[in-house]
Amino acid sequence: MLEKGKKYECEIVDIGKGGVGIGKHNGFTVFVDGALLGETVDVKITKSKKKYAEGVISKVKKKSIYRVDRLCSNKYINCGGCQTQELDYQKQLEIKTSQVREDIKRIGGLEGIKVHDTLGMDIPFRFRNKAQFPVQRVDGKLKIGFYKKKSHDIIDIDKCVIQHDKNDIIIEIIRDFIESNNISVYDEKTGRGLIRHIVTKVGYTTNEVMVILVSTSENIPEMDKLVNELKSKVEGFKTLVININTKKTNVVMGYKNINIYGNGKIIDYIGKLKFEISPLSFFQVNPTQTEVLYNKALEYADLKRGDKVFDIYCGIGTISLFLAQKADIVYGVEIVEDAIKDAKINAELNKLKNTEFFVGKAEEVVPKLYKEGVSANVVVVDPPRKGCEEEVLDTIVKMNPDRVVYVSCNPSTLARDLKYLDERGYKCSEIQPVDMFPHSVHVESVAVLTK
Ligand code: SAH
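None of the values given here were measured: they were computed from a predicted structure. (Residues numbered from 1 in each chain as written. Predicted model: local features only at pLDDT ≥ 70, side-chain atom pairs only at ≥ 80, totals over all residues. Heavy atoms only, no water.)

### Here we look at the pairing of strand β18 (residues 355–359)
Move 1: The pairing of strand β17 (residues 329–334) with β18 spans 5 bridges and is classified as parallel. Looking at β18, one finds that V333 is bridged to F358.
Move 2: Read as a crossover between parallel neighbours, the route from β17 over helix α6 (residues 337–349) to β18 is right-handed. (Pairing = 2+ DSSP bridges. Helix = DSSP H or I, 4+ residues; strand = E, 2+ residues; numbered from the N terminus. Right-handed = clockwise from strand over helix to strand, strands pointing away.)

### Here's the deal with the environment of E3
Move 1: Here E3 lies in the segment before β1 (7–15).
Move 2: Excluding residues within four positions of it along the chain, E3 makes contact with Y8 and I45. (Contact = heavy atoms within 4.5 Å.)

### Topic: the site of the ligand
Move 1: Among the 17 residues in the neighbourhood of the ligand, the closest are listed as Y294, E334, A362, E363 and D382.
Move 2: The side chain of E363 places a nitrogen or oxygen atom 3.1 Å from a nitrogen atom of the ligand.
Move 3: Calculation on the ligand without its partners gives an accessible area of 570 Å², and the protein chains cover 83% of this total.
Move 4: Looking at the shell around the ligand, the elements that each hand over two or more residues are α5 (318–324) and α7 (362–371). (Near = heavy atom within 4 Å. Polar contact = N/O pair within 3.5 Å; in protein donor to acceptor, adjacent residues only side chain to side chain. Areas by Shrake-Rupley, 256 points an atom, 1.4 Å probe, with all protein chains shown as cover.)

### A short note on unusual backbone geometry
Move 1: Phi is positive for K351, which is not a glycine, with a value near 55°.
Move 2: Mapped onto the fold, K351 is located in the loop between α6 and β18.
Move 3: The exposure class of K351 is exposed, given its relative accessible area of 67%.
Move 4: For N400, which is not a glycine, the phi torsion comes out positive at approximately 60°.
Move 5: Locating N400 in the fold gives a position in the loop between α8 (390–399) and β20 (403–408).
Move 6: Overall, N400 belongs to the partly exposed group, its relative accessible area being 42%. (Buried < 20%, exposed > 50% of the residue type's maximum accessible area, 1.4 Å probe, protein only.)

### Quick word on the domain arrangement of the chain
Move 1: Taken as a whole, the chain is organised into domain 1 (7–67), domain 2 (95–122 + 286–450) and domain 3 (130–270).
Move 2: Here the C-alpha centre of domain 2 lies 38 Å away from the C-alpha centre of domain 1. (Domains from an automatic or database assignment.)

### What to know about the pattern of salt bridges
Move 1: Tallying each qualifying case throughout the model produces 30 salt bridges.
Move 2: With a closest N to O distance of 3.7 Å, E222 and K225 form a salt bridge.
Move 3: Note on E222: relative accessible area 35%, which makes it partly exposed.
Move 4: Overall, K225 belongs to the partly exposed group, its relative accessible area being 42%. (Salt bridge = Lys/Arg side-chain N within 4 Å of Asp/Glu carboxyl O.)

### Digging into the sheet that holds strand β13 (residues 256–261)
Move 1: The mixed open sheet is built from 7 strands, whose spatial order is β9-β8-β7-β10-β11-β12-β13. Of all strands in the sheet, those bounded by a partner on one side alone are β9 (154–156) and β13. Here the strands of the sheet are splayed against their neighbours by 35° on average, with no regard to which way each runs.
Move 2: Those strands touched by helix α2 (residues 166–180) are β7 (130–138), β8 (141–147), β9, β10 (195–202) and β11 (209–215), and its axis lies near 30° from that of β7.
Move 3: Here helix α3 (residues 223–233) sits on the sheet in contact with β11, β12 (237–244) and β13, set at roughly 145° to β12. (Axes fitted to C-alpha atoms, helices over the stretch in contact; angles between N-to-C directions.)

### Some thoughts on empty space enclosed by the protein
Move 1: All told, the structure shown has 1 cavity of 30 Å³ or more when counted by the stated rule.
Move 2: Taken as a whole, the largest cavity holds about 30 Å³ of empty space.
Move 3: If you list the elements that add at least two residues to the lining of the largest cavity, you get β15 (273–277) and α6.
Move 4: Tallying contributions element by element places β15 first for the lining of the largest cavity, with 3 residues.
Move 5: Taken together, the residues of the lining of the largest cavity break down into 5 nonpolar, 2 polar and 2 charged. (1 Å grid on protein atoms, 1.4 Å probe; cavity = no way out; pocket = protein on both sides within 12 Å on 5 of 7 lines; lining within 4 Å. Points joined across faces, edges and corners; volume = space filled by probe spheres on them. Nonpolar A, V, L, I, M, F, W, Y, C, P; charged D, E, K, R; others polar.)

### What to know about the nonpolar core
Move 1: Formed by 45 residues in total, the largest nonpolar core has its most connected members in I178, L213, I220, L226 and L240.
Move 2: Looking at this core, the elements with two or more residues in it are α1 (89–106), β7, β8, α2, β10, β11, α3 and β12.
Move 3: Element by element, the count of residues in this core is highest for α2, at 6 residues.
Move 4: Excluding its chain neighbours within four sequence positions, the residues that come into contact with I220 are F177, I183, L194, I195, L213, S215 and I242.
Move 5: If you look at the next biggest cluster of nonpolar residues, it comprises 44 residues, including L273, A297, A301 and C314. (Core = buried A, V, L, I, M, F, W, Y, C linked by side-chain atoms within 4.5 Å.)

Shown next, in the form of structure tokens:
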């Protein structure tokens, strides 16, 4: 066993799930966050078990040629955000591509599928449109930033290089506002104090900005001062909202919103489609790559007038509306009621009357609709990480569509489901991975299947 707190030299021989470096010290396995394949590193042990240990890098002795400097300060290394920022971006993309290829082969047992190279971002920074910064006071010092990995201690930050740069100034303004007006900050232990989180949303095409103060009460003093600061210093600032969260919980936002300035909404576009974003509504966090992914899905769907489409797991209907621009009718199915409300609002906003949305579990709703005679000749699915339920896949096969487009956030369940459909006559010809989350190990892909 290795001793906790002590340092050991390790060679990194492999990369495991979540991008963790798998190191060896005299044959003993050590998991090292942030270590790259082929490196020799000194590791400080943070957890020691009989068969393995975990640790953090204290020194890189032999550097991988793919190691690059972080754009943010090294003190943010444990912020829990970027897992692979120190790995060259092209290499990140290659790893994502090979992960999809391997899962398709190993889990799906499928041959002859063309897995394209992952489509990455030209500039893989400053791409996120939504940020959540927890706020704490520790020993009198105000901290605004991100939780350290596996903890509720905050790393105080002044910038985050994957967020829109407007956030840097917003944090600065709110920091000054809290300090100079003696605004209280929430204390997780006592449940006392006002400000818990700062949440921001930015429309990437419209430049519109929403700032949300998550607070235990709506009575935050000097709000007009804050509004004036935001108005004068943040270009595109549209609305300030107080979101009330009085519960002792890790859930960031509560249900009640009070508009302090503006109407509590911003607008953004993906492609030609307009979306209304409110404090609680879901919206894809990387709008640039969302457009890339959905355009690919649309290309694979190859729609013509007369086509009827199912969009299963439709969320707020982003893909449904993309498809509705070309198809006769799109049926969206989604389990979250609020998401369906947003989908209907967005359909109206874009004057797409050829959409119908249904709330419920896909594995119940889709078979039921099919029994009632609702069918489609193109089916799109975009399931959560666990993939599609068999009832959904079975019903798709029964519908006998010309094409199935599978959008996936998890290559291993994608591979499993492609195998299931392959055995039932639907062959996948190609898969396009798209990088929605640079510097993370997540990979999205879109696959097309035909009968
Ligand atoms: N296509 C959507 C997002 C899909 S994410 C978009 O473009 O925005 C997966 C969605 O599946 C989530 O919205 C989640 O709420 C929904 N979901 C999860 N389990 C489900 C189920 N059993 N039935 C229907 N929808 C489900």
